[in-house]
Amino acid sequence: MEKQVTLKINNIPVTVPEGTTILEAARKAHIEIPTLCYLKDVSCVGSCRMCVVEATGARGLVAACVYPVAEGMEVRTNTEKCRQSRKMTLELLLSKHKKKCLSCERNHNCELQKLSLGYSVDEDRFKGEDYVLPIDDSAPYVVRDNDKCINCMRCVAACRNQNVNAIGPIGRGFHVHIGSAFDMPLSESVCVGCGQCVVACPVGALSERSTIDEVWSALANPAKKVLFFTAPSIRATLGEAFDLPVGTNVEGKMVAAIRRLGPAAVFNMDVTADLTIMEEASELINRIKTGKPMPMFTSCCPAWVKFVEQRYPEMIPHLSSCKSPQQMFGALLKSYWCEKNGIAPENVYTVSVIPCTAKKYECHRPEMEGDVDAAITTRELARMIKTAGIKFTELPDEEFDNPFSTATGGGAIFGATGGVMEAALRTAAHMMDGSFEVLDFFAVRGTNPYKEATYLVAGNALRVAVVSGLKNATELLEKIRSGEKHYDFIEVMACPGGCVNGGGQPTLSDSVRNTVELKDARAKALYSSDTLNALRRPSDSPVMDMIYNDYLGFPNSHKAHEILHTSYHADKRI
Ligand code: SF4
Ligand code: SF4
Ligand code: SF4
C-alpha cells in the first residue's frame, strides 16, 4: 500500500499519498491554488511562479505544482507574501503582453485576464521594451500572435507530448519567443495541425484560423445553398461554450441553433462516419483476402495522416484509402445530393463543424479541394451562435434534416478513441460472418491511450490496436517496424482521447481542466447515445441502403472509390 502523508493546508488537515504535490493536496482541502504554466496531463515545470505558497521546511516561497508534500508540513496558500508575489508576476507578464482584450477571442475566457482581475494588478506598472513580433498566419488552421504570448511553454509541452516538436523557444532574454525552428512559418514546419497547442494556451496567443466571415458571406448570398454538417463529437462539447456541464449531449439544441443561422439544411456527419465504416470494413476484408499491405491503419484523422506522410512514408500503403467522414460528406453533397436535387455543385456551399484544426487543413488538400468549402471548429460555431443572439440553452430540441439525419450508434462513437475501431469491428465481423452478432467490444473502449485485443471472426484471429496521441502512435509504429508487434487493423487518432479532445473544442478554464477528466466525460456522452440508439451497426442503417442503392452500388465499388477514397503522398520536409 502507498505510504500516506498527513499535512495541514491553511490549517485544514489533509492525508495524501507520499509524492503528491502541494497543488494536488490542496484540492483535497477544496483549495485552488492559481496556476499559469501548469496544465494537468500537459505541462508541469514550475516556471511561472503563480502557484507560489509558503511551506514549513522550505526556504522562501515554493512552486506548489512541483513541490512535494511532507509529513507534518504546514502550508499557507493565501498569505500577503504569496499574493504580492503573484501580483508582481502578473504585472511583469503584462509589461510585454499586447492588451487587446476587446477583440481577443479569449476575452472573458483568459487565464491571464481572470488572474489580473483577481489580484487587482496595475497593468501599466512596468513598461517593457517595445518588441513587436509578426503574427504567423501562414498555416490554414492555426494563427500565432506572439505579442499576446506569456512564454508559459504550455504549447511547447503539448507539441512535445505529441512527439512532433514543431515549436520551441527561440532567442534569448527579453527577446525569447515561441516559434518553429529558425523562425520559419508554421506552414513550412513539421506541424501536423492537431491544435493541441491551441487548447493548451491560457491566453489568446494561439487560435484557429477562423473562417467565420466566409461562412457569414455564404449565408447572406442568395445564389448559394449553404449546407451544414456536424461531426460526431460536437454534440458532446458545444454545450460547454454555453456553461452547460462537461459531457452534456446537446444534439437537439445544436441543430436548432444552426438552423437559426439560416442554412438550407443541417445534416448529421454521423452518417458519413457510418459510410466510412462501410468502406473501411470492406477494404479491410479485401486486404485480408488479397494479401494487400497489412496492418491497415484508419485514415479519418488528417493530423495522423500528415504525421505518416512526413515521418513514416513507408507506411503510406498501410493507410486506408478512405477519405475522412468530413471529406466524404462534402463529396457526397457535391455529387449525390446535388444530382438528386437538380442543383449545380457550384451553387452549393458546404460547411463542416469539426472538433479539429487539422480538418481545416484537410479540406485544402489538393486531392480533395472543393468537397468542403469551410470547416469551422466547435468554438467558431459557438461564436456564431452568440453573435446571432441565439439563446442556446432556451432552444427546443430539433432534428437533423433528411435525407442525412439517421445514423447508427457506431457513427456516434467515432468522436472518442476506440470508437472507429468498435464501429468497424461491428460491421467487418458481420460482413465476414453473417451470424456474428456481437455489438460491444469493451477491450477497445476507454481513454487508455494504447489498447489491443484479438477477436476470432469466421475462423480468423483479428488482431487490433487502438492508440491516441502521436507519441503513442510513434511507440506503436516502432514496435511494428522492429517486428515486436503484429496487428491486422489499427485505429490512430492524433489527439489524446480522440476528437472529443480535439484542438477545436471549447477552451475551458484551468480550474476545470485541472480537475475534470474532460476526455472521459465527453466520451461517455457519445457512448450513451450509442447505447440508446436502436441501430448500432453501420451496415444496419437505412441511410446506407439508400446511398448504395440509389447511387454508389456497393462498398468499394468503382463509383464509391471515385467519390469516397483518396491517395497520400510522402512529404519530405524532414
Ligand atoms: S498544431 Fe499540433 S503539431 Fe502543430 S504546433 Fe500545435 S501541437 Fe504541434
Ligand atoms: S503561445 Fe500560449 S501556450 Fe504557448 S507559450 Fe505563449 S502563452 Fe504559453
Ligand atoms: S483526433 Fe480528431 S480532432 Fe484530433 S486531429 Fe484527429 S481528427 Fe482532428
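Residues numbered from 1 in each chain as written. Chains lettered and ligands numbered in written order. Predicted model: local features only at pLDDT ≥ 70, side-chain atom pairs only at ≥ 80, totals over all residues. Heavy atoms only, no water.

Engineer: Please set out the pattern of salt bridges residue by residue, giving values where relevant.
Structural biologist: This structure, assessed with the given rule, holds 38 salt bridges. Of the charged contacts, one joins R536 and D440 as a salt bridge, the two residues approaching to 2.8 Å between their closest N and O atoms. Separated by 96 residues along the polypeptide, R536 in the loop between helix 17 (518–532) and helix 18 (542–552) and D440 in the loop between helix 14 (419–432) and strand 15 (450–457) bring together distant segments of the chain. With its nearest N and O atoms 3.0 Å apart, the salt bridge here joins D488 to R463. In this pair, D488 sits in the loop between helix 15 (470–482) and strand 17 (489–493) while R463 sits in strand 16 (residues 460–468), placing the two residues 25 residues apart along the sequence. D488 sits in the buried class, given a relative accessible area of 11%. One network of salt bridges, in which partners are shared, links E422, R426, D440, R445, D530 and R536. (Salt bridge = Lys/Arg side-chain N within 4 Å of Asp/Glu carboxyl O. Helix = DSSP H or I, 4+ residues; strand = E, 2+ residues; numbered from the N terminus. Buried < 20%, exposed > 50% of the residue type's maximum accessible area, 1.4 Å probe, protein only.)

Engineer: Break down the domain arrangement of the chain for me, with residues and values.
Structural biologist: Looking at the chain, the domain boundaries give domain 1 (4–78), domain 2 (93–206) and domain 3 (213–564). Between domain 1 and domain 3, the residue contacts involve nine residues of the former and eight residues of the latter. A buried area of about 670 Å², summed over both sides, lies between domain 1 and domain 3, and 40% of it is on carbon and sulfur atoms. For domain 1, the biggest contributors to the area lost against domain 3 are R27, L39 and K40; these three give 63% of the whole. Here domain 1 is connected to domain 3 by two residue pairs in polar contact (both at pLDDT 80 or more). Class assignment of the residues belonging to the side of domain 1 that touches domain 3 gives a composition of four nonpolar, one polar and four charged. (Domains from an automatic or database assignment. Contact = heavy atoms within 4.5 Å. Buried area = accessible area lost by both parts, 1.4 Å probe. Polar contact = N/O pair within 3.5 Å; in protein donor to acceptor, adjacent residues only side chain to side chain. Nonpolar A, V, L, I, M, F, W, Y, C, P; charged D, E, K, R; others polar.)

Engineer: Which residues make up the sheet that holds strand 4 (residues 62–63), and what values go with them?
Structural biologist: Read across the sheet, five strands follow the order 2-1-5-3-4 without closing on themselves; strand pairing throughout is mixed. Across the chains shown, the open sheet's two edge strands, defined by having one partner strand only, are strand 2 (12–17) and strand 4. Here strand 1 (residues 4–9) pairs with strand 2 via six bridges, running antiparallel. Residue pairing across strands places K8 opposite P13, the latter belonging to strand 2. (Pairing = 2+ DSSP bridges.)

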